[in-house]
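Per-entry structural report
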Amino acid sequence: MSNSFNFKQSRPTLIAPQGRPERLPLWRRATGCLFLAVAIILLAASAGLVLTAPPPADEGDGAFSAATAAVSEVAAAASAGAQATNTVAPSETLDEPSPQRMPTLSSAEIADFLATPPDILDDEEVMAITGLSYDPFTIAPNRSRSSMTSYTVLRGDTIDTISRRFGLSRETVAWCNSYRKAQILFTGDVLNIPPSDGACHTVIASQGKDISAIAEQYGIDDPFRIIDAPANDLPEISSDTQLPSGTRLFIPGGVGSIITWDVQVEEDAAGNVIAFARGHPNSCGAVPGGGTYWTNPLPSGSYVRGFYAGHSGIDIAARTGTPILAANGGPVLYAGWNSWGYGNTVVIGHGPFSTLYGHMDSLAVRCGNVVAAGQIIGYVGSTGNSSGPHLHFEIRYRNQPQDPSATVGIGW
């Protein structure tokens, strides 16, 4: 048997794992021929597209001029409504423009266009071009009030925070409400809020004051500022009119007095206060003397509220039972409960001065005692109109409250 292989007579065969070689099936040979024919057709079509493509337009401004002209022509035709007389040929429509009318950019112009960043206009340039303004936030201006309003006290409110909320002075809020609310606020209290700074007045007919006298009481030269104030809603009346009792007036720009416990005092010939609240059950009567040096009445406390026309002293907070010291030496002029809002109270005389200590938990002195500066006179509490343990401390000169923080030695 010969080992030579005849190449001329051989055909493609499959070599089976076992048995003799077999020829390729007919369907596989037909599939290969079909794929080859499709590839040749696609190659020929691609070559035809490349060879028949239109030449690029010339570089320069001509393309942009053509585009501008075409857009202008279409816009003019649309605005005039010239449908029948449109310059576009019957065979041409805006939906299917003719290739000859479409502007064409060269590759260099396209590259230059893409490389140029767009101009970003600021707000002023937009307004200059369009005549329109752009304001992303519309803020309504504050409108001044002309009438009284009310405010219900929330937890944490103080005279200071409320006055700032309405753009008023704290004195104004104090002068237009009861003395108790001026001293201490409770959640749910309803406050009278005037339209502007000033004072409020309740007419008492028995005092016999006309509008001119009321204006003078609050430092107002022109009584018609009261008559013409919209918040008062008064008819056309004269300045010598006496209004009925109970009439509440707003005094624009008026200045009230310091809100404090107004009591009768007795002075000697030298002007020294020798009696405080004469006739009150807890008054100690006439006791002359006193006056040494000033010292801090509660050095371990914390300053929480200052002096102003609506608050006749300073408030110093401390734990209940903390000792309170006499701020100066002198006789005890008052010792006991005070129904004006101070609770357990002590008043000590110091010549023309007197000091008042309010809201005490308990007293350590009584009538007839003469104390030295720095001596314990009582203990911190929260009696009377108080929201927590603290000392309400006043200094009065001939019974007129002064700012304790302005006195050297007090320490606040």
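Our subject is the structure listed above.
Now for a quick tour of the structure. (Residues numbered from 1 in each chain as written. Predicted model: local features only at pLDDT ≥ 70, side-chain atom pairs only at ≥ 80, totals over all residues. Heavy atoms only, no water.)

**Considering the overall build of the chain**
Across its full length, the chain holds nine helices and 18 strands. Residue burial in the chain is summarised as follows: out of 412 residues, 34% are buried. Of all intrachain contacts in the chain linking residues separated by at least 6 positions in sequence, the fraction that spans at least 24 positions is 65%. Total accessible area on the chain stands at roughly 25400 Å², and carbon and sulfur atoms take up 57% of it. (Helix = DSSP H or I, 4+ residues; strand = E, 2+ residues; numbered from the N terminus. Buried < 20%, exposed > 50% of the residue type's maximum accessible area, 1.4 Å probe, protein only. Contact = heavy atoms within 4.5 Å. Areas by Shrake-Rupley, 256 points an atom, 1.4 Å probe, with all protein chains shown as cover.)

**Regarding unusual backbone geometry**
The residue Asp233 is not glycine, and still its phi comes out positive at about 50°. Residue position: Asp233 is located in the loop between α9 (224-227) and β6 (248-252). Here the phi dihedral of His359 falls at roughly 70°; this positive angle occurs in a residue that is not glycine. By the secondary structure assignment, His359 is in strand β14 (residues 353-363).

**Digging into the state of the cysteines**
This model, assessed by the stated rule, comprises two disulfides. Here Cys176 pairs with Cys200 through a disulfide, and the sulfurs are 2.0 Å apart. A torsion of 85° about the S-S bond marks the disulfide between Cys176 and Cys200 as right-handed. One end of the pair, Cys176, is in the loop between α6 (170-175) and α7 (179-183); the other, Cys200, is in strand β5 (residues 198-202), with 24 residues separating them in the sequence. Owing to a relative accessible area of 2%, Cys176 belongs among the buried residues under this scheme. Of the residues examined, Cys200 reaches a relative accessible area of 12% and is grouped as buried. (Disulfide = S-S within 2.5 Å.)

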